[in-house]
Amino acid sequence: LARSGTSIAKENAAGALGNLACNADNKVALAAAGGIGPLVELARSGTSIAKENAAGALGNLACNADNKVALAAAGGIGPLVELARSGTSIAKENAAGALGNLACNADNKVALAAAGGIG
């Protein structure tokens with residue numbers, strides 16, 4: 001649903017994935033099932049609600065060290081920086097949280113700066 005459903009289905013799928021990603025085992029399972037890429041795409045080009053939910057889900061997933069690397073490799077830092085700048089108030093909050101989690105990784109700090117996320 002996060003890849004090919006209706007706009008509302010994508011919004012709901014991103015929200016559900018965010019809720020599931022509150023659990024440590026689910027963080028691993030969601031990443032292994034390929035959940036990061038579709039969430040990055042929703043953060044980039046979904047509806048406002050999908051962007052909010054995707055940023056929240058990515059923030060939850062980014063609490064896992066391996067997922068921090070995978071999220072950056074999937075191109076997730078740029079869309080999150082953009083949401084932190086110009087998203088809805090909820091998207092800004094969720095994106096900032098996700099970026100904070102991602103910044104605990106040294107390579108991600110460099111990528112975050114390169115994406116204009118500092119300053």
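For clarity, every value in this text was computed on a predicted model and none was experimentally measured. (Residues numbered from 1 in each chain as written. Predicted model: local features only at pLDDT ≥ 70, side-chain atom pairs only at ≥ 80, totals over all residues. Heavy atoms only, no water.)

Trainee: Describe the overall build of the chain, with residues and values.
Mentor: Within the chain one finds 8 helices and 0 strands. For 119 residues, the compact-globule estimate of 2.2 N^0.38 gives 14 Å, and the chain sits close to it at 13 Å. Each of the three principal axes of the chain carries a C-alpha extent, and together these read 35 × 30 × 20 Å. A total of 119 residues make up the chain; the buried ones form 39% of that total. When contacts within the chain are restricted to residue pairs at least 6 apart in sequence, long-range pairs at least 24 apart make up 62% of them. Carbon and sulfur atoms provide 56% of the accessible area of the chain, an area that totals close to 5800 Å². When the 9 basic and 8 acidic side-chain charges of the chain are each reduced to a single mean position, those positions are 4 Å apart. (Helix = DSSP H or I, 4+ residues; strand = E, 2+ residues; numbered from the N terminus. Rg over C-alpha atoms; globule rule 2.2 N^0.38 Å. Buried < 20%, exposed > 50% of the residue type's maximum accessible area, 1.4 Å probe, protein only. Contact = heavy atoms within 4.5 Å. Areas by Shrake-Rupley, 256 points an atom, 1.4 Å probe, with all protein chains shown as cover. Lys, Arg positive; Asp, Glu negative; His and termini not counted. Charge placed at Lys NZ, Arg CZ, Asp CG, Glu CD.)

Trainee: Just give me the short version of the environment of Ala29, but keep the residues and values in it.
Mentor: Within the secondary structure layout, Ala29 lies in helix α2 (residues 24-32). Given a relative accessible area of 41%, Ala29 falls into the partly exposed group. For Ala29 and Ala62, which are 33 residues apart along the polypeptide, the C-alpha to C-alpha distance reads 13 Å.

Trainee: Describe the pattern of salt bridges, with residues and values.
Mentor: The final tally for this structure, using the stated rule, is 1 salt bridge. Between Glu41 and Arg44 there is a salt bridge; the shortest N-O distance is 2.9 Å. On the criterion of helical spacing, the pair formed by Glu41 and Arg44 is a turn pair, its members being 3 residues apart in helix α3 (residues 36-45). (Salt bridge = Lys/Arg side-chain N within 4 Å of Asp/Glu carboxyl O.)

Trainee: Lay out the side chain of Lys68 in plain terms, naming residues and giving numbers.
Mentor: Among the structural elements, Lys68 can be located in helix α5 (residues 65-73). As a buried residue without a salt bridge, Lys68 has its nearest oppositely charged side chain in Asp66, at a separation of 10 Å. Those residues in contact with Lys68 that lie beyond four places of it in its chain are Ala62, Cys63, Asn101, Leu102, Cys104, Asn105 and Asn108.

Trainee: Can you explain the environment of Leu102? Please cite residues and give values.
Mentor: Mapped onto the fold, Leu102 is located in helix α7 (residues 89-102). Residues Leu102 and Glu11 lie 91 residues apart in sequence; the distance between their C-alpha atoms is 23 Å.

Trainee: Help me get a handle on the confidence of the model for the chain, residues and values and all.
Mentor: Looking at the chain as a whole, its pLDDT mean stands at 92, while 97% of the residues score no less than 70. Confidence scores differ between elements of the chain, with helix α8 (residues 106-114) showing the lowest mean pLDDT of 75 and helix α4 (residues 48-61) the highest of 98. (pLDDT = per-residue confidence, 0-100.)

Trainee: Explain α5 to me, and be specific about the residues and the numbers.
Mentor: Listed as buried for α5 are Asn67, Lys68 and Leu71. The buried residues of α5 all sit within an arc of 110 degrees when viewed along its axis, so they share a single face. Exposed residues pointing more than 90 degrees away from the buried face of α5 are listed as Ala65, Asp66 and Ala73. For α5, the N-terminal cap is Asn64; the gap from its side-chain oxygen to the backbone nitrogen of Asp66 is 2.9 Å. One or two steps after α5, the chain reaches Gly75, where phi turns positive at roughly 80 degrees. (Arc of directions from axis to C-beta. Polar contact = N/O pair within 3.5 Å; in protein donor to acceptor, adjacent residues only side chain to side chain.)

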